[in-house]
Amino acid sequence: NDYFTIQQYRYGGDLEIEVSRIESETLCRDCMIPRFTLQPLVENAIFHGLEPKGGHGSVLLDIGTDHCRLPAEGLLSGRLSGAFAADLRPGPLAAARRQLAALGLEQKIPLYLSNGLQSIPQAVLEKVQVICIAGMGGELISMIMNDAPAINALWVLQPMSAVYELLDTLAEKGYEVRQGALA
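Keep in mind that this is a model prediction, so the values were computed, not measured.

Novice: Explain the packing of aromatic side chains here, please?
Specialist: For any pair of aromatic rings, the description consists of the separation of the ring centres together with the inter-plane angle of the planes. Here the structure, examined in full by the defined rule, presents two aromatic pairs. Aromatic side chains phenylalanine 84 and tyrosine 112 sit 6.5 Å apart centroid to centroid with 40° between the ring planes, which places their arrangement in the tilted category. Of the two residues, phenylalanine 84 is situated in strand β2 (residues 80–87) and tyrosine 112 in strand β3 (residues 111–113); the sequence distance between them amounts to 28 residues. Pair check on accessibility: phenylalanine 84 and tyrosine 112 agree, each one buried. Ring geometry for tryptophan 155 and tyrosine 175: centres 6.1 Å apart, planes at 70°, overall edge-to-face. Of the two residues, tryptophan 155 is situated in strand β5 (residues 154–159) and tyrosine 175 in the segment after α8 (163–172); the sequence distance between them amounts to 20 residues.

Rendered as structure tokens:
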């Protein structure tokens, strides 16, 4: 517990701890580990996980952002520790800029004029953990994914049409669909 208190001071309160206890005495005896075994593992997880993100939560890239509502809400709610947004057209980016300025987030969410992920800097892509593409047709989402560089991220996709074409693209690229629903 003292270790986590020290880490909370170090990270300005951005660290939360959740402790689960094994209630079975038999299981506890069978799973004994030497003292100080877990501390280096936890410290490594904090250093390589939390510290690069600058806080708790995921880093989102919103493709086709329109008004930048998803990244803004994510940052304001604390569910995201960082966000980036992109759109192909200047009009939606201007609307996003106005939305961010009204919320005081114009310095926190960088905006990119980009066709999918093509103009997103590699340094940004390395920080991103979640990519959201919503409100487009499945054909366009498929094209964006086919043109995208290899990136280790969770893709959240919401096609408005051509769902089966998108599912074919995902299968061809070796993606696993974790959860899906057809309306």
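So, next bit.
Novice: So what exactly am I meant to see when it comes to the pairing of β2 here?
Specialist: Of all eight residues that make up β2, seven are buried, and the element is covered over most of its length. One ladder, built from six bridges, connects strand β1 (residues 58–63) with β2; its direction is parallel. The residue bridging aspartate 62 from the neighbouring strand is alanine 85, located in β2. Where the polypeptide runs from β1 across helix α4 (residues 69–77) and back to β2, its parallel neighbour, the crossover connection is right-handed. Judged from the three bridges that link them, β2 and β3 form a sheet pairing that is parallel. By the bridge assignment, aspartate 87 is partnered in β3 with leucine 113. In the classification by handedness, the crossover that spans β2, the intervening helix α5 (residues 90–103) and the parallel β3 is right-handed.

Novice: What is the right way to read the nonpolar core from this model?
Specialist: Soluble globular proteins: nonpolar side chains tend toward being buried together. If you look at the biggest cluster of nonpolar residues, it comprises 23 residues, and the most contacted ones within it are Leu61, Ile63, Leu117, Ile120, Ile131, Ile133 and Trp155. Elements with a contribution of two residues or more to this core: β1, β2, α6 (122–127), β4 (130–136), α7 (138–147) and α8. What tryptophan 155 contacts, discounting residues up to four positions off in sequence, is Leu117, Ile131, Ile133, Met145, Ala148 and Tyr175. Of all hydrophobic cores here, the second largest spans 15 residues; its members include Ala72, Leu75, Leu105 and Leu111.

Novice: Explain the pattern of salt bridges here, please?
Specialist: When charged atoms on two side chains of opposite charge get close, those side chains can pair. Across all of its chains, the model carries one salt bridge by this definition. For the salt bridge of arginine 89 with aspartate 87, the shortest nitrogen-to-oxygen distance reads 3.9 Å. The buried category is assigned to aspartate 87, whose relative accessible area is 4%.

Novice: Could you clarify how one ought to interpret the side chain of threonine 169 in this entry?
Specialist: By secondary structure assignment, the location of threonine 169 is in helix α8. In this structure threonine 169 touches Ser142 and Asn146, once residues within four positions along its chain are discounted.

Novice: Explain the pairing of β1 here, please?
Specialist: When a strand is regular, its side chains alternate between the sheet's two faces. Counting buried positions along β1 yields five of six residues, so the element is predominantly enclosed. Here β1 pairs with β4 via four bridges, running parallel. Following the sheet pairing, leucine 60 is matched in β4 by valine 130.

Novice: What is the right way to read α5 from this model?
Specialist: An α-helical segment advances 3.6 residues per turn. Residues three or four places apart therefore align on the same side. Helix length check: α5, at 14 residues, gives a terminal C-alpha distance of 20 Å against a target of 20 Å (1.5 Å per residue), a fit within 8%. Structurally, α5 contributes buried residues whose contacts are with α4, β2 and β3. Of the residues trailing α5, glycine 104 is marked for its positive phi of about 75°.

Novice: What exactly am I supposed to notice about unusual backbone geometry here?
Specialist: Among all residues save glycine, negative phi is the norm, and among peptide bonds the norm is trans. The phi torsion at cysteine 68 lies on the positive side, around 65°, for a residue other than glycine. For cysteine 68, the position within the fold is in the loop between β1 and α4. Phi is positive for alanine 162, which is not a glycine, with a value near 50°. Its place among the elements puts alanine 162 in the loop between β5 and α8. Take alanine 162: its relative accessible area is 25%, and that puts it in the partly exposed class.

Rules behind the numbers
- Residues numbered from 1 in each chain as written.
- Predicted model: local features only at pLDDT ≥ 70, side-chain atom pairs only at ≥ 80, totals over all residues.
- Heavy atoms only, no water.
- Phe/Tyr/Trp six-rings, centres within 6.5 Å; stacked < 30°, edge-to-face > 60°.
- Helix = DSSP H or I, 4+ residues; strand = E, 2+ residues; numbered from the N terminus.
- Buried < 20%, exposed > 50% of the residue type's maximum accessible area, 1.4 Å probe, protein only.
- Pairing = 2+ DSSP bridges.
- Right-handed = clockwise from strand over helix to strand, strands pointing away.
- Core = buried A, V, L, I, M, F, W, Y, C linked by side-chain atoms within 4.5 Å.
- Contact = heavy atoms within 4.5 Å.
- Salt bridge = Lys/Arg side-chain N within 4 Å of Asp/Glu carboxyl O.
- Expected span 1.5 Å × (residues − 1).

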